[in-house]
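Here's the letter readout for the chains.
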Amino acid sequence: MSDASQPNGSDAVDKVAVEVAQIALESTENAAKPAAATAPSQPAAQGATASPAKPADSEGAAKKEENGAAAKSAPPVSTAAFKEQFKAFSKFGDTKSDGKLLTLSQSDKWMKQAKVIDKKITTTDTGIHFKKLKSMKLSFEDYNKFLDDLAKTKKVDLNEIKNKLVNCGAPGIHHATPGKAADTVARLTDTSKYTGSHKQRFDESGKGKGISGRKDVPDASGYVTGYGHKNTYDKTH
């Protein structure tokens, strides 16, 4: 009976093998648990690199730009001052105008003088928006609608356009570049730079001699032809 109750050699080997297998399984499970614990953190890290906050940042930057543009917008102009300019240019080139209606040609002249018409706003743009109102001449109210539509389409500040139109001066006044004009006039009026026969046109002080500086005028005031001793007779006798 004692022999039957004691395990044989093969049973002992099997038990050892089972225990070794269990130990190996437990070690494998323990090693797998940290990996499983760290696995959820990887998508989080990937999500962090995807930077989902960028759209919000871009929206914030866009809002800042809009706010900055609004802050830099030109101040509103006086309606009375703008209306006076409208009347002045509505009479420009038309002596019969009463100052209440403005033509496209007069508007373009006004905008060119005010430098509103440039590379961004052209006469083609003004013609298209002017004709939208289906009239050859616009009243002051309709002209404001024309400017508002033009500014929105071309994405230009309306107050900036009106400021230029108000401050461009009276009709027909063009502000030339003073630097180039001044240099040209100074160069042409500097008599010290004249040479040759042109230098003979001026005296020592730089004043022009007139016709005597351009032509050799013979002195025909002598007593006879070719006499060159006028007013010397009395001095010697």
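Residues numbered from 1 in each chain as written. Predicted model: local features only at pLDDT ≥ 70, side-chain atom pairs only at ≥ 80, totals over all residues. Heavy atoms only, no water.

The chain is annotated in an unreviewed UniProt entry as Tubulin polymerization-promoting protein homolog of Psorophora albipes. What UniProt records for the chain under Sequence similarities (unreviewed entry) is the sentence "Belongs to the TPPP family." (UniProt positions renumbered as here; feature names shortened; annotations may be inferred.)

A. Looking closely at unusual backbone geometry. With phi around 55 degrees, lysine 134 is a residue other than glycine that occupies positive phi space. Its location among the elements puts lysine 134 in the loop between helix 7 (123-131) and strand 2 (137-138). In this structure, lysine 155 is a non-glycine residue whose phi angle is positive, near 55 degrees. Its location among the elements puts lysine 155 in the loop between helix 8 (140-154) and helix 9 (158-166). (Helix = DSSP H or I, 4+ residues; strand = E, 2+ residues; numbered from the N terminus.)

B. Up close: the nonpolar core. Among the nonpolar cores identified, the biggest contains 24 residues, and Phe82, Trp110, Met111, Tyr143 and Leu165 are the most heavily contacted of them. Counting only elements with at least two residues in this core, the list comes to helix 5 (79-90), helix 6 (104-113), helix 8 and helix 9. (Core = buried A, V, L, I, M, F, W, Y, C linked by side-chain atoms within 4.5 Å. Buried < 20%, exposed > 50% of the residue type's maximum accessible area, 1.4 Å probe, protein only.)

C. Quick peek at the side chain of glutamine 106. The topology assignment puts glutamine 106 in helix 6. Here the side chain of glutamine 106 touches serine 90 through a polar contact of 2.9 Å, landing on its backbone oxygen. Within the local environment of glutamine 106, its side chain forms a polar contact with the backbone oxygen of phenylalanine 92, the two atoms lying 3.2 Å apart. Those residues in contact with glutamine 106, other than ones at most four positions away along the chain, are Phe89, Ser90, Lys91, Phe92, Asp94 and Leu101. (Polar contact = N/O pair within 3.5 Å; in protein donor to acceptor, adjacent residues only side chain to side chain. Contact = heavy atoms within 4.5 Å.)

D. Representation of the pattern of salt bridges within the structure. The tally for this structure, following the rule as stated, stands at 5 salt bridges. Between aspartate 125 and lysine 154 there is a salt bridge, with its nearest N and O atoms 3.4 Å apart. Separated by 29 residues along the polypeptide, aspartate 125 in helix 7 and lysine 154 in helix 8 bring together distant segments of the chain. (Salt bridge = Lys/Arg side-chain N within 4 Å of Asp/Glu carboxyl O.)

E. View of the packing of helix 5 against helix 8. At a closest axis distance of 11 Å, the pairing of helix 5 and helix 8 adopts a crossing angle of 100 degrees. For the element pair helix 5 / helix 8, the angle class is roughly perpendicular. Contacts between helix 5 and helix 8 involve Thr79, Phe82, Lys83 and Phe86 from the first element and Phe140, Tyr143, Asn144 and Leu147 from the second. Per-class residue counts for the contact of helix 5 with helix 8 are 5 nonpolar, 2 polar and 1 charged. (Axes fitted to C-alpha atoms, helices over the stretch in contact; angles between N-to-C directions. Parallel < 35°, antiparallel > 145°, perpendicular 65-115°, else oblique. Nonpolar A, V, L, I, M, F, W, Y, C, P; charged D, E, K, R; others polar.)

F. Molecular detail of the environment of lysine 109. Tracing the backbone shows lysine 109 in helix 6. For the pair formed by lysine 109 and threonine 123, sequence separation is 14 residues and the distance between their alpha carbons is 10.0 Å.

G. Up close: helix 7. Within helix 7, burial applies to Asp125, Thr126, Gly127, His129 and Phe130. Considering only its buried residues, helix 7 is in contact with strand 1 (102-103), helix 6, strand 2 and helix 8.

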